[in-house]
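# Secondary and tertiary structure notes
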Amino acid sequence: LDVSMDTWNFFYTCLVSLWLHRFYIYSAVAFGISIWIVIQFTTTKTKKKVTEHASTFVWEDPKNLCVEVRIEDKLVNGYATLQAKEVYVAGVKIFYGSQTGTAKRFAKGLAEAVISLNLPVEVISMGDYDPDDCLSEETTSRNICVFLVATYTDGQPTESAAWFCKWLEEAANDFRFGKTYLKGLRYAVFGLGNSVYVDHYNRVGRNIDRWLWMLSASRIMTRAEGDCNVAQSKHGSIEADFEAWRAKFLSRLQALCRGEKKPCSGKCKKGKCKSPGKQSKESSDHEHGASEYENTEAEELFETSSEEEADAEEAGGTNSVIDVEDLGDIMSHMKKAKSGLDSRVGGGMYHPFPRLSINPIRTRLLAVQGGYKLIGSHSGVKLCRWTKSMLRGRGGCYKHTFYGIESHRCMEATPSLACANKCVFCWRHHTNPVGTEWRWKMDQPEMILQEAIENHQNMIKQFKGVSGVKADRFEEAMTAKHCALSLVGEPIMYPEINRFVKLLHQHSISSFLVTNAQFPDEIRNLEPVTQLYVSVDASTKESLKRIDRPLFKDFWQRFLDSLKALSEKQQRTVYRLTLVKAWNVDELKAYADLISLGKPDFIEVKGVTYCGESSASNLTMANVPWHEEVVHFVQELANLIPNYEIACEHEHSNCLLIAHKKFKINGEWCTWINYDRFQELVQEHERSGGSKTFTAADYAARTPLWALFGSRERGFDPLDVRYQRKNKARDISGC
């Protein structure tokens, strides 16, 4: 092209200028980005030197759980890292026990306030809730459980809360549940009471708080108490008391949702608050008689661990744990009671003829350790756990399988808490008294039976409306049909045992009496009972001394004489063998010799029940045989006694029954009892003055197939549904 040089120079200059312009732009942009990066890095680093930076995000997950995820920036080797920590509050469950409706109204009001925090909430009447099935689930549910409970003027819970409180008390004082049974459950308690009744003021709320703590549940705040007595109410009325507590509870709940366990009071250094036990209480201008709610207000936002001891029941109560500080008062009362009395007999019993056969400490322990209802001076009654089980269609005890008793109609009792042995496997750790002869004021058998039946019925009534209880069985249970005289102690020591047994029969109640084979004369003189047991815990003199630890010096001769006396009985007789691994399971030949001596109709063989650690015994779970080990022992024993065969099995109780072949009629086992026929026979015997006798075969009944050894059910009644506990607690108590 014919283009002048000037034109080319101009064009080249433009290109260079354009290129330099773009370079400057890119350079400027790059420089700006570099400056921004440096500024951001410097700012972040500066912030990290001052404090950690955290961002919190809150959302509702598909399961409707309120979940917080805290993202924390931490500088590691010059780089920022992210760590996530989840804190859950699944919701709030509000339990109430109400009679007049106040607690229910408070529960609904609290529920509305919780809903405003966008948390799920459930309001539950204690009467409609089954703690045995459901309460342990709260240990992992991330729920907060609130208990709003009223106290009657006599210190008792309302009717709707009675079963819940009874269950919780037994669980708290029963080693089988374990000290950590409710570990993980978080709770708060508000009690409703009237300080006019000063001896029982808010007892139910205090008890629930203590029992939950004993099972390792965690308080989220100190228990509070509302007072119907406006003169003593801190805020002028019980409604105002509740409103004040509710505000604190909601504040505590919000703190938990934020992941705060112990909110800072703002008065400590570096944000580290003192523990509740070390925190000083502010002085109060309120009057001296104010409630504990008032005295501990400064601590109410803190999780506490041992506040329950501060408000323990007075020493004279019957339903609480004995506190160390109470022992002084108790011992003082004991010394006063002892003055004027003669020398002391073993086990805390006094001579001559004191009113109580057990001292106050033992009385408290027996009442606490499993729900004993003490009667008069020397008797007691208790609701067996198998009674509760059969009420709910969850199966009966081994007596139901072996002999056909109706477990929900069985009353477990004793007319003598005292015993002549101190067995290593005693399931009450020797809290009952011991002695070799009767030295106490004697209650009449009519009074003992009447109060036993009344107490038994009152305990049954607590199951009214409880989830799972069958209505027909509840009605039947109100009339006891069987009495297991095996609760604790030695029933045959009671001087009027024959009159007591006759009274049972007059009330159409069958009698199952257990003796420890130390009173041969009393066995010979005993009137007919439905079934007479002798505990054969060992087969040699040495092992019997180690296991039963009898008080009698001539215990072995008494033992042998008792077995001989048993062989003279015409009614049903039973040996009860308790197998203790590494103690008495290698004495098969000696057991066979004892069976030949006593000629029992039946032989029950049961693995020992481990009763927890105790200074009274050194047994451990290693001494408890497996069921298959018990089966093996029974099979070997049966081979040594030609007139006997294995008849029945109750796997759930780790127990088998060996029966004499005379009860195998036309190829069918007849180990069950015709109870109506027995009542007819025993009444005829009494009307004839004892001249008309009868034998065990006269009231035998056919055993159902499901109860037989080798059956698919292994002794569990197919009409019921077997219940498997959902946690590690293992309840294997019962007669």
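These numbers come from a predicted model, not from an experiment.

What counts, and where the lines are drawn
Residues numbered from 1 in each chain as written. Predicted model: local features only at pLDDT ≥ 70, side-chain atom pairs only at ≥ 80, totals over all residues. Heavy atoms only, no water. Salt bridge = Lys/Arg side-chain N within 4 Å of Asp/Glu carboxyl O. Helix = DSSP H or I, 4+ residues; strand = E, 2+ residues; numbered from the N terminus. Buried < 20%, exposed > 50% of the residue type's maximum accessible area, 1.4 Å probe, protein only. Pairing = 2+ DSSP bridges. Phe/Tyr/Trp six-rings, centres within 6.5 Å; stacked < 30°, edge-to-face > 60°. Lys NZ or Arg CZ within 6 Å of the ring centre and 35° of its normal. Axes fitted to C-alpha atoms, helices over the stretch in contact; angles between N-to-C directions.

The next point concerns the pattern of salt bridges. Per the stated rule, a full pass over the model turns up 32 salt bridges. Between Glu239 and Arg105 there is a salt bridge whose closest N-O contact spans 3.7 Å. Here Arg105 lies in helix H2 (residues 102-115) and Glu239 lies in helix H6 (residues 238-257), a separation of 134 residues in the sequence. Assessed through its relative accessible area of 34%, Glu239 is described here as partly exposed.

The next thing to look at is the pairing of strand E13 (residues 379-382). Where burial is concerned, the two faces of E13 agree: the one with Ser379 and Val381 and the one with Gly380 and Lys382 are both buried. Across three bridges, the pairing between strand E12 (residues 373-375) and E13 is antiparallel. Looking at E13, one finds that Ile375 is bridged to Ser379. Two successive antiparallel strands, E12 and E13, enclose a turn made up of three residues, where Gly376 displays a positive phi of approximately 55°. Here E13 runs beside strand E14 (residues 410-414); their pairing, made up of three bridges, is antiparallel. Bridge pairing in E14 links Lys382 to Glu412.

Glancing now at the environment of Asp537. Turning to its location among the elements, Asp537 is positioned in the loop between strand E17 (531-535) and helix H16 (541-548). On the accessibility criterion, Asp537 (2% relative accessible area) is buried. Separated by 20 residues in the primary sequence, Asp537 and Ala517 have C-alpha atoms spaced 9.9 Å apart.

Inspection of every chain in the model, using the stated rule, returns 27 aromatic pairs. Between Trp245 and Phe249 the ring centres are 5.3 Å apart and the planes differ by 20°, which places this aromatic pair in the stacked class. Highlighted residues: Trp245 and Phe249, both in helix H6, separated by four residues, approximately one helical turn. For the pair formed by Trp245 and Phe249, the shared burial category is buried. Here Tyr403 and Phe602 contribute two aromatic rings whose centre-to-centre distance is 5.9 Å and whose plane-to-plane angle is 65°, an arrangement assigned as edge-to-face. Of this pair, Tyr403 sits in helix H11 (residues 398-403) while Phe602 is found in strand E19 (residues 602-607), placing the two residues 199 residues apart along the sequence. Phe602 carries the same exposure label as Tyr403, and that label is buried. Joined through ring pairs, the aromatic side chains of Tyr398, Phe402, Tyr403, Phe512, Phe602, Phe663 and Tyr675 make up one cluster. Here Arg385 stacks its cationic end above the ring of Trp386, 4.0 Å away from the centre of that ring.

We now examine the sheet that holds strand E16 (residues 510-515). Spatial strand order, E12-E13-E14-E15-E16-E17-E18-E19-E21-E20: 10 strands in an open sheet with mixed pairing. At either end of the open sheet lies a strand with only one pairing partner, and these are E12 and strand E20 (644-650). In this sheet, adjacent strand axes meet at a mean angle of 25° when their direction is disregarded.

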